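What follows is each chain in one-letter form.
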Amino acid sequence: MQGLIMATAHPSTGAATGGFLGATAAPRVTSPARLKRAIADANASLLEDVADMLIPSTESVAFSSGEAAIAVGWSYIDDLENCISSVNAALHVVNSKSVEVARAHFGNGIANRVRLINETALDTARYMLEYRISCISRAFAITGKLFEMNGSGNLRMDLFALTYDAGTFRATVDTDQQAWIVENETARQVSVREVTADLAWGKLVP
């Protein structure tokens, strides 16, 4: 550790640079215990921030237009698919032989850490999936089933549609990228690709 953190002045930098780097002073070495406490404190603070950020909100969601609702709705569908993939990946790791391999090569201590890491990753992936579903249900009425479990025990996104009803207009987008807006009793098709691009470029206000 001491060798990694000691400051050494390059011969060509001169006395001024050497003094700036502290080459003439005794190096300050951080003890392992102090470093572990600092890491633990930083991790605890980060976990609190993440937990606060992920608390589901109960506030209603309003969109400025049907196009904005469709663009955000499609981003939710895309995020949901990513969340489902994350859960499946974490399930695969939990069900793998990684813990047994770690135990065979490194002992019970490392094996228990690997198991804890795997289980924490799965819990996190599941929580993110639940959070995404909460966001979707706050903004849209859901027609159909978001996902189901297949015969292998993995989640698979199902076919469904999201509808936002503002009273003056109604916007719908489904998993097949079909989208339409009903306004003044007239329905018109909308390009999912165009509205998502407009949202990304700031042409649409959510």
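Cut-off values and rules
- Residues numbered from 1 in each chain as written.
- Predicted model: local features only at pLDDT ≥ 70, side-chain atom pairs only at ≥ 80, totals over all residues.
- Heavy atoms only, no water.
- Helix = DSSP H or I, 4+ residues; strand = E, 2+ residues; numbered from the N terminus.
- Buried < 20%, exposed > 50% of the residue type's maximum accessible area, 1.4 Å probe, protein only.
- Contact = heavy atoms within 4.5 Å.
- Areas by Shrake-Rupley, 256 points an atom, 1.4 Å probe, with all protein chains shown as cover.
- Core = buried A, V, L, I, M, F, W, Y, C linked by side-chain atoms within 4.5 Å.
- Pairing = 2+ DSSP bridges.
- pLDDT = per-residue confidence, 0-100.
- Salt bridge = Lys/Arg side-chain N within 4 Å of Asp/Glu carboxyl O.

**Let's talk about the overall build of the chain**
Turning to step 1, where the next piece is worked out: Within the chain, the secondary structure is distributed over seven helices and seven strands.
Turning to step 2, where the next piece is worked out: Along its sequence from the N terminus, the chain presents helices and strands in the succession α-α-α-α-α-α-β-β-β-β-β-β-β-α.
Turning to step 3, where the next piece is worked out: For the chain, the residues scored as buried account for 27% of the 206 residues in total.
Turning to step 4, where the next piece is worked out: Contacts in the chain between residues far apart in sequence, at least 24 positions, make up 54% of those at least 6 positions apart.
Turning to step 5, where the next piece is worked out: Total accessible area on the chain stands at roughly 13700 Å², and carbon and sulfur atoms take up 56% of it.

**Points about the nonpolar core**
Turning to step 1, where the next piece is worked out: Residues Ile70, Leu80, Phe140 and Val173 are the most contacted members of the largest nonpolar core, which totals 36 residues.
Turning to step 2, where the next piece is worked out: When residues of this core are assigned to their parent elements, the largest contribution, 13 residues, is made by helix H4 (residues 66-94).

**With respect to the pairing of strand E7 (residues 186-189)**
Turning to step 1, where the next piece is worked out: Summarising the sheet, strand E6 (residues 179-183) and E7 pair through four bridges and their orientation is antiparallel. Bridging across to E7, Trp180 finds its partner in Gln189.
Turning to step 2, where the next piece is worked out: Linking E6 back to E7 in an antiparallel pair, the connection comprises two residues, with Asn184 at a positive phi of about 55 degrees.

**Quick word on the environment of Ser64**
Turning to step 1, where the next piece is worked out: One can find Ser64 in the loop between helix H3 (32-53) and H4.
Turning to step 2, where the next piece is worked out: In this structure Ser64 comes out as partly exposed when scored by relative accessible area, which is 47%.
Turning to step 3, where the next piece is worked out: Note: C-alpha distance between Ser64 and Val205 (141 residues apart in sequence) is 6.5 Å.
Turning to step 4, where the next piece is worked out: Excluding anything up to four places from it in sequence, Ser64 contacts Val205 and Pro206.

**Concerning unusual backbone geometry**
Turning to step 1, where the next piece is worked out: Although it is not a glycine, Gln177 adopts a positive phi angle of roughly 65 degrees.
Turning to step 2, where the next piece is worked out: With respect to the helices, strands and loops of the structure, Gln177 is situated in the loop between strand E5 (169-174) and E6.
Turning to step 3, where the next piece is worked out: Accessibility expressed as a relative area gives 42% for Gln177, which makes it partly exposed.
Turning to step 4, where the next piece is worked out: Unlike most non-glycine residues, Glu185 shows phi in positive territory, near 65 degrees.
Turning to step 5, where the next piece is worked out: Relative to the assigned elements, Glu185 resides in the loop between E6 and E7.

**Observations regarding the confidence of the model for the chain**
Turning to step 1, where the next piece is worked out: Across the chain, the average pLDDT comes to 81, with 74% of residues at 70 or higher.
Turning to step 2, where the next piece is worked out: Confidence over residues 1-24 falls short of pLDDT 50; this stretch has 15 contacts with residues more than four positions distant or in other chains.

**Here's the deal with the pattern of salt bridges**
Turning to step 1, where the next piece is worked out: If you walk through the whole model with that rule in mind, you get six salt bridges.
Turning to step 2, where the next piece is worked out: A salt bridge links Arg188 to Glu67; the nearest nitrogen and oxygen atoms lie 2.9 Å apart. Here Arg188, found in strand E7, pairs with Glu67, found in helix H4; they are 121 residues apart in sequence, far enough to count as distant.
Turning to step 3, where the next piece is worked out: Classification of Arg188 by relative accessible area gives partly exposed; the value is 37%.

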